[in-house]
Amino acid sequence: MSKMNFKPLYDRVLVERLESESKTSGGIIIPDTAKEKPMEGLVVAVGNGTRSEKGDIVPLQVKPGNKVLFGKWSGNEIKLDGKDYLVMKESDIMGIFE
């Protein structure tokens, strides 16, 4: 992972989408045009968190390096240093793989 000059704000998370398998368990190769976009990714950077009603900063639960599952239509696609990423709110993330 290269050092980039992008820091998400508040409760936003920068995610690198993980590539899905290009072959089924039966050995059939899936062409790129028929593949669905993967819903798994690797957290690259996170914002500082949100503010509670008392004004305290509540940190995010996800951390850089976490492998996460998110919704199919979650986030906004951006390109940084020639690579594709997603910027999404932490609430769009359904869970963390352990």
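Rules of the game
- Residues numbered from 1 in each chain as written.
- Predicted model: local features only at pLDDT ≥ 70, side-chain atom pairs only at ≥ 80, totals over all residues.
- Heavy atoms only, no water.
- Core = buried A, V, L, I, M, F, W, Y, C linked by side-chain atoms within 4.5 Å.
- Buried < 20%, exposed > 50% of the residue type's maximum accessible area, 1.4 Å probe, protein only.
- Helix = DSSP H or I, 4+ residues; strand = E, 2+ residues; numbered from the N terminus.
- Contact = heavy atoms within 4.5 Å.

Regarding the nonpolar core
Next, step 1: The biggest cluster of nonpolar side chains holds 11 residues, and these are Val13, Val15, Val43, Val46, Leu60, Val62, Val68, Phe70, Leu86, Met88 and Ile93.
Next, step 2: At the level of elements, β1 (12–17), β2 (40–46), β5 (67–70) and β7 (83–89) are the ones that each hand at least two residues to this core.
Next, step 3: Setting aside its immediate chain neighbours within four residues, Val13 contacts Pro8, Val43, Ala45, Val46, Leu60, Val62, Leu86, Val87, Met88, Glu90 and Ile93.
Next, step 4: The next biggest cluster of nonpolar side chains, apart from the first, holds six residues, and it includes Leu14, Val44, Leu80 and Tyr85.

Describing unusual backbone geometry
Next, step 1: Residue Tyr10 is not a glycine yet carries a positive backbone phi of 55 degrees.
Next, step 2: Within the fold, Tyr10 resides in the segment before β1.
Next, step 3: Its relative accessible area of 55% is what places Tyr10 among the exposed residues.
Next, step 4: In this model, Asp81 sits at a positive phi of 50 degrees, which is unusual for a non-glycine residue.
Next, step 5: With respect to the secondary-structure elements, Asp81 resides in the loop between β6 (76–80) and β7.

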